[in-house]
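A structural walkthrough
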Amino acid sequence: VQLVESGGGLVQPGGSLRLSCAASGRSYAMGWFRQAPGKEREFVATISNSGGSTYYGNFVKGRFTITRDNAKNTIYLQMNSLKPEDTAVYYCAKPIQWLTMTSYTYDYWGQGTQVTVSS
């Protein structure tokens, strides 16, 4: 399984970004994590292989949306109302099994894409 993220960049507070994760292989359940400097990797969101079920980290509070397009084998993370504390490297990853939110239960990771929220 190969995962390639894209879409990161610099955005002002209150702005939006959409991250993409292109995956090889079949349509697995997938997740997004993030890691800020000096902090542990944090769960952001996960989506089932069909896209019918999603779960989010507590901090998201309706600002982010995870979706997928199985025809393109791509997972997306739409991020709105971005805050400086959202600054981090964002990773997509494949879980060992559905509905897990701890990083050690994900076995394949992308290289990450940097998101910086700053004025």
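Criteria and thresholds
- Residues numbered from 1 in each chain as written.
- Predicted model: local features only at pLDDT ≥ 70, side-chain atom pairs only at ≥ 80, totals over all residues.
- Heavy atoms only, no water.
- Helix = DSSP H or I, 4+ residues; strand = E, 2+ residues; numbered from the N terminus.
- Rg over C-alpha atoms; globule rule 2.2 N^0.38 Å.
- Buried < 20%, exposed > 50% of the residue type's maximum accessible area, 1.4 Å probe, protein only.
- Contact = heavy atoms within 4.5 Å.
- Disulfide = S-S within 2.5 Å.

**So, the overall build of the chain**
Counting its secondary structure elements, the chain contains zero helices and 11 strands. Counting from the amino terminus, the chain carries its helices and strands in the arrangement β-β-β-β-β-β-β-β-β-β-β. Its C-alpha radius of gyration of 13 Å places the chain within 12% of the 14 Å reference for a compact globule of 119 residues. Along the first, second and third principal axes, the C-alpha atoms of the chain reach 40 × 30 × 25 Å. For the chain, buried positions account for 44% of its 119 residues. For the chain, the share of sequence-separated contacts (at least 6 apart) that also reach a separation of at least 24 residues comes to 55%.

**Things to note about the environment of Thr 54**
Structurally, Thr 54 can be placed in strand E6 (residues 54–56). Judged by relative accessible area, which is 30%, Thr 54 ranks as partly exposed. The residues contacting Thr 54, other than those within four sequence positions of it, are Thr 46, Ile 47 and Ile 66.

**Focus: the state of the cysteines**
Tallying each qualifying case throughout the model produces one disulfide. Between the sulfur atoms of Cys 21 and its disulfide mate Cys 92 the distance is 2.0 Å. Because the sign of the S-S torsion sets the handedness, a value of about 55 degrees for the bond joining Cys 21 and Cys 92 places this disulfide among the right-handed ones. With a gap of 71 residues between them, Cys 21 in strand E3 (residues 17–23) and Cys 92 in strand E9 (residues 88–95) connect regions that are remote in the sequence. With relative accessibility at 0%, the residue Cys 21 sits in the buried group.

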